[in-house]
Amino acid sequence: MRFSLDDDQQDLRRTVRTLLERTADARAAVPAGEPDRALWDRLSGELGLAGLAVPEKHGGAGAGMVELAVVAEELGAALAAVPFLSTAVVAASALQLTGDDAAAARHLPEIAKGSVVAVVLGEPARVHGDVLSGAWPAVPDAADADLLLVPGAGPGGLSLYAVDPTAPAVRRTVPEALLDPSSPLAAVELAGAAGTRLGAAGGAAGWWDRLRALAAVGLAAEQLGGARHCLDTTTDYLRSRIAFGRPIGSFQALKHRCAGLYLEVEAARAVVYHAAWSAAAGADLDLIADATAAHTSETFRRVAGEAIQLHGGIGFTWEHEAHRYLRRAWATRQLFDTPDTRYDRIAEGLGA
């Protein structure tokens with residue numbers, strides 16, 4: 001197992017970071033709660049990142065979880081409102097895990113071209129024949145999705161279904177206000193919507209937990225990026241803010257707080273990339289993903305909160321970006337599972 005990024009992965013990081021820096025002004029102009037389709041078009045069209053994990057035979061790059069984590073970290077640092085996690089990580093993985101070659105050949109090339117696919121990772125829908133019914137209050141990127149992937153529990157067991165989000169029996173509702181406006185969510189309701197089963201009946205039971213684990217690792221990488229950005233901007237501020245004739249970062253109390261934040265971010269980096277390398281190696285992710293997601297969620301929350309405190313008065317203003325990272329930290333902390341739920345599963349797994 002490697003313990004550092006190779007040259008290609010470092011180049012990928014620099015390329016994504018450069019594009020995000022160049023598009024910062026355009027991204028700032030995107031209305032709150034709306035996806036940044038212009039940025040997504042550039043990420044998928046110019047850099048091919050939408051198809052990063054799509055096999056080459058379907059028009060993608062055939063990369064693995066480490067490369068996905070590298071990109072997710074940079075997007076998380078920029079609070080980019082793009083469907084990378086839902087589409088390039090979760091949907092692309094789900095379509096390959098189904099083992100349905102026809103479905104992969106139909107949908108993966110569209111993902112590689114930039115099509116948005118939202119995946120429901122909550123409780124499965126009720127299935128009667130190929131008709132699905134169910135409701136979920138917060139599905140990432142569902143409002144702008146070109147395709148929905150929904151788990152369904154029927155007589156044959158747990159299966160994955162493709163659903164047309166524009167069908168009359170599908171209702172997508174965008175909340176009037178979001179805790180994190182840079183991460184579009186929508187409530188989804190299926191009232192007898194037609195679905196196309198992907199893979200064998202009941203086949204999702206064998207890989208559904210792995211898909212959720214991959215989603216957790218991808219989300220943790222985004223959170224790592226957010227925590228890293230908070231630390232970097234805070235230390236830059238402490239170096240430049242002058243009080244009593246010296247940078248405030250030179251005062252011992254602030255040094256100690258920053259040192260603690262640095263250790264937390266580096267620990268989060270270690271667990272995230274350990275999980276990414278483990279996923280790429282095909283290892284069992286059950287405990288690894290839960291530990292990674294729980295630890296990184298808490299780290300992001302603490303670092304974002306400290307960033308506001310250490311910026312002083314300006315950190316509490318609406319105009320400063322610090323609150324946006326704290327909002328992202330709290331919102332993503334509960335996106336798939338809470339840290340408490342993950343710690344409970346870890347305890348059960350270790351006990352077993």
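The structure we're discussing is the one just above.
This section reports on the structure supplied with the text.

Cut-off values and rules
- Residues numbered from 1 in each chain as written.
- Predicted model: local features only at pLDDT ≥ 70, side-chain atom pairs only at ≥ 80, totals over all residues.
- Heavy atoms only, no water.
- Helix = DSSP H or I, 4+ residues; strand = E, 2+ residues; numbered from the N terminus.
- Rg over C-alpha atoms; globule rule 2.2 N^0.38 Å.
- Buried < 20%, exposed > 50% of the residue type's maximum accessible area, 1.4 Å probe, protein only.
- Contact = heavy atoms within 4.5 Å.
- Areas by Shrake-Rupley, 256 points an atom, 1.4 Å probe, with all protein chains shown as cover.
- Lys, Arg positive; Asp, Glu negative; His and termini not counted.
- Charge placed at Lys NZ, Arg CZ, Asp CG, Glu CD.
- Disulfide = S-S within 2.5 Å.
- Expected span 1.5 Å × (residues − 1).

**Some thoughts on the overall build of the protein chain**
In step 1: When helices and strands are tallied, the protein chain shows eleven helices and nine strands.
In step 2: In terms of overall size, the protein chain behaves like a compact globule, its C-alpha atoms giving a radius of gyration of 20 Å where 352 residues would be expected to give roughly 20 Å.
In step 3: With respect to the principal axes defined by its C-alpha atoms, the protein chain has extents near 75 × 45 × 35 Å.
In step 4: The proportion of buried residues among the 352 residues of the protein chain is 52%.
In step 5: Here the analysis covers contacts within the protein chain between residues at least 6 apart in sequence; of these, 74% occur between residues at least 24 apart.
In step 6: With an accessible surface of roughly 15600 Å², the protein chain has 53% of that area assigned to carbon and sulfur atoms.
In step 7: Here the protein chain carries 32 positive and 43 negative side-chain charges, and the mean point of each set is 5 Å from the other.

**Re the state of the cysteines**
Working definition: the covalent bond between the sulfur atoms of two cysteines is a disulfide.
In step 1: All chains considered together, the criterion is met by zero disulfides.
In step 2: Here Cys 230 is not disulfide-linked; the sulfur of Cys 258 is the nearest cysteine sulfur, at 12 Å.
In step 3: By relative accessible area, Cys 230 is classed as buried at 4%.
In step 4: On the basis of relative accessible area, Cys 258 is assigned to the buried category, the value being 11%.

**Let's talk about helix α4 (residues 65-77)**
In step 1: Over its 13 residues, α4 extends 18 Å from the first C-alpha to the last, a length consistent with the 18 Å expected when each residue adds 1.5 Å.
In step 2: Among the 13 residues of α4, 13 are classified as buried, and the element is accordingly described as predominantly covered.
In step 3: Positioned one or two residues after α4, Leu 79 has a phi angle of 50°, which is positive.

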